[in-house]
Amino acid sequence: MQKVLLSWSKNRKFSPLIYKPRTMKKILVLALMSFGAFAQQPLVSHLYTADPSAHLFQGKIYIYPSHDIDAGVKEDDMGSHFAMNDYHVFSQTTPAGPVTDHGVALKLADVPWAGKMLWAPDAAEANGQYYLYFPAKDKEGVFRIGVASSAKPEGPFKAEANYIPGTYSIDPCVFKDHDGSHYMYFGGIWGGQLQRWKMGHYMANDDSQPANEQPALMAKVAKLDKNMKVLAQNPRDVQILDASGKILLSSDHDRRFFEAVFVHQYQGKYYFSYSTGDTHNIAYATGTSPYGPFTYQGVILKPVKGWTNHHSIIEQNGKWYLYFHDVQLSGKTHLRNIKVTELKYRPDGSIETITAY
Ligand code: FUB
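Residues numbered from 1 in each chain as written. Predicted model: local features only at pLDDT ≥ 70, side-chain atom pairs only at ≥ 80, totals over all residues. Heavy atoms only, no water.

Draft legend 1. Representation of the site of the ligand. Taken together, 13 residues surround the ligand, and among them Asp-51, Met-84, Asp-171, His-310 and Arg-336 come closest. Contact distances for the ligand include 2.5 Å between an oxygen atom and a side-chain N or O atom of Asp-51. Between the ligand and His-310 there is a distance of 2.7 Å, counted from an oxygen atom to a side-chain nitrogen or oxygen. A total of 280 Å² of accessible area belongs to the ligand in isolation, and the protein chains cover 99% of it. Grouping the constituent residues of the shell around the ligand by class yields five nonpolar, four polar and four charged. (Near = heavy atom within 4 Å. Polar contact = N/O pair within 3.5 Å; in protein donor to acceptor, adjacent residues only side chain to side chain. Areas by Shrake-Rupley, 256 points an atom, 1.4 Å probe, with all protein chains shown as cover. Nonpolar A, V, L, I, M, F, W, Y, C, P; charged D, E, K, R; others polar.)

Here you go:
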């Protein structure tokens, strides 16, 4: 007896494939194995997407990810292979629901100050306008953070002529506090260049890290002006402390900040979460002010497939969700796919650690 499987052929039409029963069984087992190894499936597969920043706007979930492409740039420790050049915005009604791609929301060619590499963005709403915050290398190769605005959450967004003065490095996260103030967090080491600013000014050829017994490099935070387009103050360090109140050290690769900040509030506390980079966890620390200091609490998401780990956290109808990425579709670190899973708090406010596999 022969069985028929439907396959997606090159000319984009389903065509029947004829298999013997034993081959058929093998195919089904392989398919189940590869599906079962991944607890969550990619939210979209027609594009490579990463660094998902999810927000609830107008009662819908909007996702602002990076749009990964294969730019043919050789992989290195400075992330040169992440040579992205536009953003798409996606939306869904619930995390389990279908995803709409709203098309190109902003492209590199339309950002007057930017030279290359559109990395992880974030978005915020204020005064009935939507703001997209994004890092890019300027024409001199220095990462800066830009802002673009739109009347609609899905864009298209119009970029300002210059980057936001006083910003540098990567991975902006814009957090709205209960009083309506917005705070921008940013920073990322290695390819994100934060180490080049350790003396308060840019040092192009100095990628050295503080010595092991020195405080680790810290993310930055500054309040945003009400117009959402400039900082209202000079950026300051975001301190992460251990349980005894000591600042995390440069040698503490398991816990120190590397990149990918996301900030949210739960039961009156501020949760500062981030990637530990070369140890690949999404970790978190909590505090009582958006400026910190934050006390290290643990790991939210264990390493995913691919080098980078990047996330965001939202609440919808009393449930909490973690948006993240891995490389299920491509197997390549620079061609990622976004995913979502439920996130759970324990009664004491700590977060249950998530393992994606
Ligand atoms: O997508 C490029 C970079 O990879 C992001 O800015 C980092 O957070 C890492 O995910």
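Draft legend 2. Representation of the pattern of salt bridges within the structure. The full count for this structure, using the stated rule, is 13 salt bridges. Ionic pairing is found between Asp-252 and Arg-255, a salt bridge with its closest N-O pair at 2.8 Å. For Glu-342, the salt bridge is made with Lys-319, and the minimal N-O distance between the two is 3.7 Å. Linking Glu-342 in strand S23 (residues 337–343) with Lys-319 in strand S22 (residues 319–326), this pair joins segments that are 23 residues apart in sequence. We classify Glu-342 as partly exposed; its relative accessible area is 31%. (Salt bridge = Lys/Arg side-chain N within 4 Å of Asp/Glu carboxyl O. Helix = DSSP H or I, 4+ residues; strand = E, 2+ residues; numbered from the N terminus. Buried < 20%, exposed > 50% of the residue type's maximum accessible area, 1.4 Å probe, protein only.)

Draft legend 3. Expanded view of the pairing of strand S3 (residues 48–57). In terms of burial, S3 is largely enclosed, as eight of its 10 residues are buried. Sheet topology note: the S3/strand S4 (residues 60–68) ladder contains eight bridges and is antiparallel. Among the inter-strand pairings, Leu-56 is bridged to a residue of S4, identified as Ile-61. The turn joining S3 and S4, which pair antiparallel and follow one another in sequence, is formed by two residues; a positive phi near 50° is taken by Gln-58. (Pairing = 2+ DSSP bridges.)

Draft legend 4. Representation of the packing of aromatic side chains in the model. One pass over the structure, following the stated rule, counts 27 aromatic pairs. Taken together, a centroid distance of 6.4 Å and an interplanar angle of 35° make the contact between Phe-57 and Tyr-62 tilted. Grouping residues by exposure puts Phe-57 and Tyr-62 together as buried. Taken together, a centroid distance of 6.1 Å and an interplanar angle of 85° make the contact between Tyr-266 and Tyr-271 edge-to-face. Taken individually, Tyr-266 and Tyr-271 each receive the classification buried, so the pair is uniform in this respect. (Phe/Tyr/Trp six-rings, centres within 6.5 Å; stacked < 30°, edge-to-face > 60°.)

Draft legend 5. Fine view of unusual backbone geometry. Residue Pro-156 is bonded to the preceding Gly-155 through a cis peptide linkage, with omega at 5°. Structurally, the position occupied by Pro-156 is in the loop between strand S10 (143–150) and strand S11 (158–159). You will see that Gln-58, though not glycine, has its phi angle at about 50°, which is positive. Along the chain, the position of Gln-58 falls in the loop between S3 and S4. Unusually for a residue other than glycine, Trp-190 sits at a positive phi of about 60°.

Draft legend 6. View of the layout of surface pockets. In this model, the largest pocket occupies a volume close to 500 Å³. Lining the largest pocket are 21 residues, and of these His-55, Leu-56, Phe-175, Lys-176 and Ile-313 lie nearest its centre. Size it by volume and the second largest pocket reaches roughly 330 Å³. Along its surface, the second largest pocket is lined by 25 residues, and Gly-79, Phe-82, Glu-259, Trp-307 and Thr-308 are the ones closest to its centre. Residue composition of the lining of the second largest pocket, grouped by class: 10 nonpolar, eight polar and seven charged. (1 Å grid on protein atoms, 1.4 Å probe; cavity = no way out; pocket = protein on both sides within 12 Å on 5 of 7 lines; lining within 4 Å. Points joined across faces, edges and corners; volume = space filled by probe spheres on them.)

Draft legend 7. Looking closely at the nonpolar core. Among the nonpolar cores identified, the biggest contains 59 residues, and Tyr-133, Met-184, Tyr-185, Phe-272 and Leu-343 are the most heavily contacted of them. For this core, the leading source of residues is strand S20 (residues 294–301), giving five residues. Ranked by size, the runner-up nonpolar core spans 20 residues in total, among them Tyr-62, Leu-106, Ala-123 and Ala-159. (Core = buried A, V, L, I, M, F, W, Y, C linked by side-chain atoms within 4.5 Å.)

Draft legend 8. Representation of the sheet that holds strand S16 (residues 240–241). Reading across the sheet, the five strands line up as S16-S20-S19-S18-S17 and stay open at both edges, with mixed pairing between neighbours. Looking at the sheet topology across the chains shown, the edges are occupied by S16 and strand S17 (259–266). Two strands pair when backbone bridges link them, and S16 and S20 are joined in this way by two bridges, in the parallel orientation. Residue pairing in the sheet places Leu-241 in a bridge with Thr-295 of S20.

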